[in-house]
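Descriptive structure summary
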Amino acid sequence: MNINYKKLLITTIALGTALSCSSLDKLINGVEPEIKNLSLSKYEIDPGDTLHAAVIIKDGDEPMQFEWECTGGQLIPPTDGASVVWRAPVTGGQYKIKVKVINDSGTDKIDSEVTVRSYINPSVSLTSPEEGSYFTQYQQIHISVSARHDNGIRVLRLFLNDTLRFSLDGHSSVDYQFTNIELNTAGSTKIKIEAEARNTSTLGADSISVNVEGIVVGKK
Amino acid sequence: MAYRFIFKLSTWTLGLLLFISCAKITRDNILDPKNPDSQREQKVLIEAFVNTENPFEYNELMLTALDSLERRHPEKIEIVAYHRNTRDEVDPLHINESELQYMRYLEALGSNFKGLPDVFINGASQRVQGASSSESALLRLEEALVPELQKISKYTIEVETTVTNETITPTVTLARLGSNSSPSLVIKVLLIQTYSGQATHNVVRDISRSTVINRLSAGEQQTLILPNLNLNGIPANRLIIYITDVDEWEVFQCCTMEL
């Protein structure tokens, strides 16, 4: 068997060079940390409860350092490992747990959000119309409401004389408006707004009474 | 001789004094149209559009409230009622002219929201619509009336009439008060039949055609013979005369005359 060692050598060198460029770079400069994810044992938690946070590393040279942070609540020592225990604050809302992973070659960071439930009732204020206002029967009015909750508002409900008439989905702003609400019944009318919180479904409400002055519908 | 001289001197002195004092007479009577500061209290015209032939009591409640309002301000307001057909109910006191009046006021307010009772104060200056109780209606009427009662008018009206069996011919003398000339104006006359035994119910039975006056100078008076109002057997007992702008949106002055 006649082997061409020269060709074989060139081919081997070319292949080896192609394959080992990145490895060579790693070999020379080291490998910076690469985080795969930050997992939490719970993503929704009651005030004062604890959860475990663990960062999973995909790649990187040892040794690595871990720097943990949070936007509220408390990290319970030790906080220098790949996992920590976090205690939720007493105030509900959205909080972030953050971690930065460092080695000699560089850093990588990630955060994860957790909801702390609030069992306080939503605050609701019916800002317009004013208590005791006068309206004409069948007149269309606008009802302005301010509503907030640490977990956000899931839904707002409008009751006229204790009958559910309309619902609005919650959003990030505290200001809501029910538009073109027709007042069909003459006499004193109770307008009640009920807000339901996200996560805990606690309820808050505000109400006023207005006067609806009766009319006989005019000729077309 | 001395007496004669003294007599002549005193006559001349008296004459001179009279001349000087006459020349210096100031027109300080506020009711004198030639006084540049002249003015009158504005009598407020309240026009209620109602229908009393429906099963609801809203219109009657408003008329009761208007009755109370008239008792509170007897010298300062004139209340009239235009009866109007509704979508479902015919009112026998409906007249077509009142429909135009109603539409005119809605146009002034940019509204197409019809419904009775509907009350307009000094034209479309104020509007009070609907009633759920006579107390609430009275409260709202009083609130709306406040700014109108504070208005001062630059017009005064006097009326005479010639009455036959079938027609009434009003002769109106109109004066412009104050120091400025007026814009073009419209004079209108309402023929009223008062229904006793009910809430205030000065029902408009006929409306004169609009009479336009192009302009009045400060202090100027004009006397006009207005178009006839038809009695047609109506036992009318009053006229309401009022001045308004050419669009007939705002009333500037009104007065009444018993027949």
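Residues numbered from 1 in each chain as written. Chains lettered and ligands numbered in written order. Predicted model: local features only at pLDDT ≥ 70, side-chain atom pairs only at ≥ 80, totals over all residues. Heavy atoms only, no water.

1. Some thoughts on the sheet that holds strand 4 (residues 65-70) of chain A
Residues and elements named next belong to chain A. Spatial ordering of the open sheet is given by 2-8-7-4, a layout of four strands whose pairing is mixed. With partners counted over all chains shown, the strands left at the sheet margins are strand 2 (44-45) and strand 4, one partner each. Both strand 7 (residues 93-103) and strand 8 (residues 106-116) contribute to a ladder of 11 bridges, which runs antiparallel. Bridging across to strand 8, Lys100 finds its partner in Lys109. (Pairing = 2+ DSSP bridges. Helix = DSSP H or I, 4+ residues; strand = E, 2+ residues; numbered from the N terminus.)

2. Overview of the packing of aromatic side chains
For any two aromatic rings, the description comes down to two numbers: the centre-to-centre distance and the angle of the planes. Residue and element names in this part refer to chain B. Under the criterion given, the structure shown has nine aromatic pairs over all chains. Seen from their ring centres, Phe49 and Tyr105 are 6.4 Å apart, and the 85° between their planes marks the pair as edge-to-face. On the criterion of sequence distance, the pair formed by Phe49 in strand 2 (residues 44-50) and Tyr105 in helix 3 (residues 96-109) is long-range, its members being 56 residues apart. For the pair formed by Phe49 and Tyr105, the shared burial category is buried. For the ring pair Tyr105 and Phe120, a centre distance of 5.1 Å and an interplane angle of 40° mean the geometry is tilted. Pair noted here: Tyr105 is in helix 3 and Phe120 is in strand 5 (residues 118-121), with a separation of 15 residues, a long-range link. Judged by its relative accessible area of 1%, Tyr105 falls in the buried class. (Phe/Tyr/Trp six-rings, centres within 6.5 Å; stacked < 30°, edge-to-face > 60°. Buried < 20%, exposed > 50% of the residue type's maximum accessible area, 1.4 Å probe, protein only.)

3. Some thoughts on the sheet that holds strand 9 (residues 123-128) of chain A
Residues and elements named next belong to chain A. Pairing within the open sheet is antiparallel, and its three strands lie in the order 9-11-14. In this open sheet, the two edge strands, each paired with only one partner strand, are strand 9 and strand 14 (175-182). Here the strands of the sheet are splayed against their neighbours by 25° on average, with no regard to which way each runs. Bridge count between strand 11 (residues 140-148) and strand 14: six bridges; the pairing is antiparallel. Bridge pairing in strand 14 places Ile143 opposite Phe178. (Axes fitted to C-alpha atoms, helices over the stretch in contact; angles between N-to-C directions.)

4. Considerations on the interface of chain B and chain A
On the chain A side, the residues contacting the 24 residues of chain B number 16 residues. On the chain B side of the contact with chain A, Tyr58, Arg87 and Phe113 of chain B bury the most area, a combined 32% of that side's loss. Where chain B meets chain A, there are one salt bridge. With its nearest N and O atoms 3.0 Å apart, the salt bridge here joins Glu213 of chain A to Arg140 of chain B. Counting across the interface, chain B meets chain A through six residue pairs in polar contact (both at pLDDT 80 or more). By residue number, the principal contributor to the side of chain B that touches chain A is helix 4 (residues 134-149) of chain B, which donates four residues. Considering only residue class, the side of chain B that touches chain A consists of eight nonpolar, 10 polar and six charged. (Contact = heavy atoms within 4.5 Å. Buried area = accessible area lost by both parts, 1.4 Å probe. Salt bridge = Lys/Arg side-chain N within 4 Å of Asp/Glu carboxyl O. Polar contact = N/O pair within 3.5 Å; in protein donor to acceptor, adjacent residues only side chain to side chain. Nonpolar A, V, L, I, M, F, W, Y, C, P; charged D, E, K, R; others polar.)

5. A look at the side chain of Thr211 of chain B
All names here are of chain B. Here Thr211 lies in strand 12 (residues 211-213). By relative accessible area, Thr211 is classed as buried at 15%. Those residues in contact with Thr211 that sit more than four places away from it in its chain are Leu185, Val186, Ile187, Leu224, Leu226 and Pro227.

6. Topic: helix 3 of chain B
Residues and elements named next belong to chain B. Between the first and last C-alpha of helix 3 there are 21 Å, a value that for 14 residues agrees with the 20 Å anticipated at 1.5 Å per step. Those residues of helix 3 not exposed but buried are Ser98, Glu99, Gln101, Tyr102, Arg104, Tyr105 and Leu106. The positive-phi residue at the C-terminal boundary of helix 3 is Gly110, with phi of around 65°. (Expected span 1.5 Å × (residues − 1).)

7. Describing the pattern of salt bridges
By the definition in use, this model includes 21 salt bridges over all chains. Residue Arg117 of chain A is joined to Asp46 of chain A by a salt bridge in which the shortest nitrogen-to-oxygen separation is 2.7 Å. Of this pair, Arg117 of chain A sits in the loop between strand 8 and strand 9 while Asp46 of chain A sits in the loop between strand 2 and strand 3 (50-59), and the two are 71 residues apart along the sequence. Note that Lys151 of chain B and Glu148 of chain B form a salt bridge whose closest N and O atoms lie 2.7 Å from each other. On the basis of relative accessibility, which here comes to 24%, the residue Lys151 of chain B falls in the partly exposed class. With a relative accessible area of 2%, Glu148 of chain B lands in the buried category. Taken together, the shared-partner salt bridges in this structure form one network comprising Arg154, Arg157, Glu194 and Glu196 of chain A.

8. Some thoughts on the side chain of Ser144 of chain A
Residues and elements named next belong to chain A. Examined against the element boundaries, Ser144 turns out to sit in strand 11. Residue classification places Ser144 among the buried residues on the basis of a relative accessible area of 17%. Discounting residues that sit within four places of it in the chain, Ser144 has contacts with Ser125, Leu126, Thr127, Ser128, Tyr176 and Gln177.

9. Considerations on the nonpolar core
Soluble globular proteins: nonpolar side chains tend toward being buried together. Residue and element names in this part refer to chain B. Counting residues in each nonpolar core, the largest one holds 23 residues, and the members touching the most others are Ile157, Leu174, Ile187 and Ile241. Those elements that provide at least two residues to this core are strand 8 (155-163), strand 9 (167-176), strand 10 (185-194), strand 15 (238-245) and strand 16 (251-258). Looking at which element gives the most residues to this core, the answer is strand 10, with four residues. Beyond its immediate sequence surroundings of up to four residues, Ile157 is in contact with Val172, Thr173, Leu174, Ile241, Tyr242, Ile243, Gln253, Cys254 and Cys255. Of all hydrophobic cores here, the second largest spans 22 residues; its members include Val44, Leu66, Ala137 and Leu145. (Core = buried A, V, L, I, M, F, W, Y, C linked by side-chain atoms within 4.5 Å.)

10. Considering the packing of helix 2 (residues 58-72) of chain B against helix 4 of chain B
Residue and element names in this part refer to chain B. In contact at an axis separation of 8 Å, helix 2 and helix 4 are set at 50° when each is read in the N-to-C sense. In this view, helix 2 runs oblique relative to helix 4, as classed from their interaxial angle. Crossing of helix 2 over helix 4 shows right-handed handedness. Contacts between helix 2 and helix 4 involve Leu61, Met62, Thr64, Ala65, Leu66, Ser68, Leu69 and Arg72 from the first element and Ser134, Ala137, Leu138, Leu141, Glu142 and Leu145 from the second. When its residues are assigned to classes, the contact of helix 2 with helix 4 shows nine nonpolar, three polar and two charged. (Parallel < 35°, antiparallel > 145°, perpendicular 65-115°, else oblique. Left-handed = near helix turned anticlockwise from the far one by under 90°.)

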